[in-house]
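# Summary of the model geometry
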Amino acid sequence: MTTKVCFHKHWRVVASTTPRLLLFITAFLFLLLIGIRVANRTTFAGNTVGSFEIDGNLAVDHLVPPSEPIDWDSSPFPAALTTFTDATGPTDDIFGQGSKENDQSSWVCTTGSAPPKDDIVNEISINGAPPVAGEIAFRFFPMGGVPKQFLYANWSRLSNNGDAHIDYEFNQADPSTNHVPGCPQLPLRTAGDFLIAFDTQFGGAIIGVSAFTWNGTTFVPLSVGSKGILWDAAVNTTPSITGLTATGINLFGELALNVTDTIGEIPCNKILFVAMKTRASTSLSAELKDRTRIKPVNFTVFNPAGANASGNASAAQVQDKLLGISQTLPAATPATCTQGVCSSQSGIGSTSNSNQVLNVAVLPPSGAVLKANVLSASSTSTVDPTTNSATDTGVAESAGVNLVGGLVTADVVRAVATAQASAFNSSFSSAGSAFKNLVVNGAQVNNVNPNTTIDLPAAQFGTGSFVKLLEEIGSSSQPPSGQLSGGTYAADLTVNMIRVHITSLALTGDAIDVVVSHAQAHADFPQPAGCPSLAGTVSGNATIVNEQTNPSQLPVVVGFVSIPPQGGHDHQDLDQLSTSLVSSGTSVSDSAGTVLTSNSSSSSFAKAQNVCVLPVNGSCTAFASAIISQANSSSGSGISSSDAKGTSLLGLSVGGMSVSDNPPPNTTILLPGIGSVTFNEQTCDGGGAPPCAGTTGSGIRVRAIHVIVDDPNALGVPQGANVIVGEAHADSSHP
């Protein structure tokens, strides 16, 4: 068993107010008290504030079965987490000499090596995740039956050759509008912003946690109350702790603060951004040293472990009641599937199945009910913690189709059903579904609208017989307006590209039902814990590339940005990118949103140049010289609308053949021997095509290029691969 020692700490509001002699005497007596404590007690479980273990490590150390108190390694982590990463060495983003916390006009932002003791580094790995330099987390926890807001924070630094001085600065204003000379996109301060400071003295023997608010000119102190009751902090006192890469004491620190009873509860639509900084010494007038990128504050607790995705697909289903035929093709995969090919995923991860059959003929004595050259189906279910979403996609493709002796023929019939649910919205889409050379009862059929029904002659096929094309049955649901947590966002879609219903075939009297290219998808995601003061909400995200080449694994996501439901701003710039199936030049992803008293609005976009999807022999299966996917949403006064204004696709080609610029929404082109590509894919949250509208809420998802690979191919791309380039989503709601 690991022995732990947790030292009492000394709280500092403003160090300069303590006479120097009194400070030294206090420190001496305090150190003496520490020695007595250590001598008489060798094992100490540590203090808790807000049911959080403050013991200088990451592990959950309590031995009682309940999930409280928590620590950083708690899984799932029940607090809303914001993480920070930071480089080290000569390329690190740091402050130049003379930069002072209280005077932004003195700031010099440059790159270089921060002093080791002030260098924030990526050394913290939570439950095996990629290492981070620090974290903050908010949650409400009941104290005496009353929910209280708590802040937890941690940090990791390069060296312990001096004391640590860490600032967490919280701001209301969007940093992208700041124009500090030499320091763009750093905190834009407005009255009411605040700062939490973590300071160590005497190598961590004394630890101070203090708070300050910006009054428009300078930071002034706020009371944080009693140590051990309203706040507590610790550093690691053993050289090695699980989850910390570096070895040495005082390289990791953590704090917990009762926000409600100290600085006052933080409305989640007020404080939107946060950044970490380090100082040379305890005073706020000391020089600033290292800095992280400013991040949107997350007040929302996501639960991807509680999400689900499932679906199925079949290329053909044949029933002949007279002859007792009931057959689904391709064969059940896995064997327990009753709808052809199935997949299901509960919690984080991805599962996929596929199957196909060639040269099919279902030939009862009355004649051919179904002939086809290829019948293939796949189903993929994914729950992704990066995007906090659950997605299921079913694809069924039938080639060389001939039904009921030529009643219906087609070169290709493809069904695509996609259902997606996130922590804030749900939607479904049949984009990618298509016919090629479709003929029904001798007539060529083009531009099929969803749920098109063609009645068949009663004398030949029986009364009530019909052919239904592009049958779509979809629904989405969300928690009731005003519910803050505990609900579910869900979406379902069933697509049947061809349904033939014959009540009594002439001469034989057969009753026949045939479905060609069936796909079904379901996704649900738990509603996260909300913030009591939240009036309206927004959500937004954008991605440059979302590529799933191995459906049994989570997708490769590049350039993902997102904003929390109370609004904020997130942004990424990439000089170039290259994945296994996509390359591009300069690209940008951005998402921003605001929640005001009267309305909510959000907008997201993804831009990229010289996009090449599925490269082969020096050419691109799909190419675009420039793409912009943009999603916009606004809600207020009983009206909500979402649109794709700003979306642009230029210089398009497929297989070397030119495609017109700015194609209409949901333009799908079949790729023989590969699958299909959809340009300008647009779907409303809750289904349907734009314009997207509602009373209290609406949303839209825009994808510039969407390639689905569901055929064995000469490119060597795995069957079932799904590639999305340039995706933007925005939604808003307001009571």
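Report follows, based on the coordinates. (Residues numbered from 1 in each chain as written. Predicted model: local features only at pLDDT ≥ 70, side-chain atom pairs only at ≥ 80, totals over all residues. Heavy atoms only, no water.)

Before going further, it helps to spend a moment on the overall build of the chain. Within the chain, the regular secondary structure consists of two helices and 51 strands. Taken over C-alpha atoms, the radius of gyration comes to 30 Å for the chain, in line with the 27 Å a tight globule of 735 residues would show. Overall size of the chain, expressed as C-alpha extent along the three principal axes, is 110 × 55 × 50 Å. For the chain, the proportion of its 735 residues judged to be buried stands at 55%. A sequence separation of at least 24 residues applies to 65% of the contacts in the chain between residues at least 6 apart. Total accessible area computed for the chain in this model is approximately 28100 Å², and 55% of it derives from carbon and sulfur atoms. Side chains of the chain give 30 positive and 52 negative charges; the mean places of these two sets differ by 7 Å. (Helix = DSSP H or I, 4+ residues; strand = E, 2+ residues; numbered from the N terminus. Rg over C-alpha atoms; globule rule 2.2 N^0.38 Å. Buried < 20%, exposed > 50% of the residue type's maximum accessible area, 1.4 Å probe, protein only. Contact = heavy atoms within 4.5 Å. Areas by Shrake-Rupley, 256 points an atom, 1.4 Å probe, with all protein chains shown as cover. Lys, Arg positive; Asp, Glu negative; His and termini not counted. Charge placed at Lys NZ, Arg CZ, Asp CG, Glu CD.)

Along the polypeptide, Asp 320 turns up in strand S19 (residues 308-320). Between the alpha carbons of Asp 320 and Val 514 there is a distance of 8.6 Å; along the sequence they are 194 residues apart.

Counted by the stated rule, this structure contains 16 salt bridges. A salt bridge links Lys 289 to Glu 287; the nearest nitrogen and oxygen atoms lie 3.0 Å apart. By relative accessible area, which is 24% here, Glu 287 ends up partly exposed. A cluster of three or more residues bridged by salt bridges with shared partners is formed by Glu 101, Glu 169, Arg 189 and Lys 277. (Salt bridge = Lys/Arg side-chain N within 4 Å of Asp/Glu carboxyl O.)

Let us look at the nonpolar core. Formed by 52 residues in total, the largest nonpolar core has its most connected members in Leu 403, Ile 498 and Val 500. In this structure Ile 498 touches Leu 403, Val 408, Val 413, Phe 435, Leu 438, Val 467, Lys 468, Leu 469, Val 514, Val 515 and Val 516, once residues within four positions along its chain are discounted. In terms of nonpolar packing, the next biggest core, distinct from the first, is built from 33 residues, Phe 138, Ala 164, Ile 166 and Tyr 168 among them. (Core = buried A, V, L, I, M, F, W, Y, C linked by side-chain atoms within 4.5 Å.)

Positionally, Trp 231 belongs in strand S14 (residues 231-235). In sequence terms Trp 231 and Ser 633 are 402 residues apart; their C-alpha atoms lie 40 Å from each other. There is a polar contact of 3.4 Å between the side chain of Trp 231 and the backbone oxygen of Gly 225. (Polar contact = N/O pair within 3.5 Å; in protein donor to acceptor, adjacent residues only side chain to side chain.)

Moving on to the packing of aromatic side chains. Scanning all chains against the criterion turns up nine aromatic pairs. Between the aromatic rings of Phe 52 and Tyr 152, the centroid separation amounts to 4.3 Å while the plane-to-plane angle is 25 degrees, which identifies the pairing as stacked. With Phe 52 in the loop between strand S1 (47-48) and strand S2 (53-54) and Tyr 152 in strand S7 (residues 146-156), this residue pair connects regions lying 100 residues apart in the sequence. On the basis of relative accessible area, Tyr 152 is assigned to the buried category, the value being 0%. Members of the aromatic cluster, joined through ring pairs, are Phe 52, Trp 72, Phe 77 and Tyr 152. One Lys or Arg, Arg 189, reaches over the ring of Trp 214 and ends 4.9 Å from the middle of that ring. Its end group placed over the ring of Phe 95, Arg 291 keeps NZ or CZ at 5.8 Å from the ring centre. (Phe/Tyr/Trp six-rings, centres within 6.5 Å; stacked < 30°, edge-to-face > 60°. Lys NZ or Arg CZ within 6 Å of the ring centre and 35° of its normal.)

Per the counting criterion, the structure on display carries four disulfides. The disulfide bridge from Cys 109 ends at Cys 183, spanning 1.7 Å between sulfur atoms. Disulfide Cys 109-Cys 183: the torsion about the S-S bond is 110 degrees, which places it as right-handed. Taken together, the residues Cys 109 in strand S5 (residues 109-111) and Cys 183 in strand S10 (residues 183-184) connect sequence positions 74 residues apart. Residue Cys 109 is classed as buried on the basis of its relative accessible area, which comes to 19%. Residue Cys 337 pairs covalently with Cys 342 via a disulfide, S to S 1.8 Å. (Disulfide = S-S within 2.5 Å.)

Another point: the sheet that holds strand S15 (residues 252-258). Strands pair in a sheet through their backbones, by hydrogen bonds, and they do so in one of two ways: parallel or antiparallel. Spatially, five strands are ordered S3-S6-S7-S15-S14 in an open sheet, and the strand pairing comes out antiparallel. The sheet terminates laterally at strand S3 (80-84) and S14, the two strands that pair on one side only. Adjacent strand axes in the sheet meet at a mean angle of 15 degrees when their direction is disregarded. As defined by bridge partners, S14 adjoins S15 across five bridges and the pair is classed as antiparallel. The residue of S15 that forms the bridge with Asp 232 is Ala 256. (Pairing = 2+ DSSP bridges. Axes fitted to C-alpha atoms, helices over the stretch in contact; angles between N-to-C directions.)

Further remarks concern unusual backbone geometry. In this structure, the amide linkage connecting Leu 329 to the following residue, Pro 330, adopts the cis form with an omega of -5 degrees. Following the sequence through the fold, Pro 330 ends up in the loop between strand S20 (325-329) and strand S21 (341-346). Here the bond from Thr 333 into Pro 334 is cis, since omega is -5 degrees, no more than 30 degrees from zero. Inspection of the secondary structure assignment puts Pro 334 in the loop between S20 and S21. One non-glycine residue, Asn 359, lies in the positive phi region at around 50 degrees.

It is worth spelling out the pairing of strand S47 (residues 667-671) at this point. By the bridge criterion, five bridges tie S47 to strand S48 (residues 675-684) in an arrangement that is antiparallel. By the bridge assignment for S48, Thr 667 is matched with Phe 679. Adjacent in sequence and paired antiparallel, S47 and S48 are bridged by three residues, among which Gly 673 carries a positive phi angle near 75 degrees.

What follows is about the side chain of Thr 292. Its location among the elements puts Thr 292 in the loop between strand S17 (288-291) and strand S18 (295-296). Note on Thr 292: relative accessible area 3%, which makes it buried. If we ignore the near neighbours within four places in the chain, the residues touching Thr 292 are Phe 84, Thr 85, Asp 86, Ile 120, Ala 275 and Met 276.

Moving on to the environment of Thr 217. Summarising the element assignment, Thr 217 is placed in the loop between strand S12 (206-214) and strand S13 (219-222). In this structure the C-alpha to C-alpha distance between Thr 217 and Asp 103, which are 114 residues apart in sequence, comes to 8.6 Å.

This part is about the side chain of Thr 543. Positionally, Thr 543 belongs in strand S34 (residues 537-548). Given the relative accessible area of 5%, Thr 543 is considered buried. With residues near it in sequence (within four places) discarded, Thr 543 still touches Val 557, Val 558, Gly 559, Phe 560, Ala 606, Gly 726 and Glu 727.

So, about the pairing of strand S8 (residues 165-171). For S8, the buried fraction is high: seven of the seven residues fall into the buried class. A two-sided burial pattern is seen for S8, the buried positions comprising His 165, Asp 167, Glu 169 and Asn 171 on one face and Ile 166, Tyr 168 and Phe 170 on the other. The sheet contact formed by S8 and strand S11 (residues 194-201) spans six bridges and is antiparallel. Each bridged residue has a counterpart across the sheet, and for Glu 169 the counterpart in S11 is Leu 195. Summarising the sheet, S8 and strand S16 (residues 273-279) pair through six bridges and their orientation is antiparallel.

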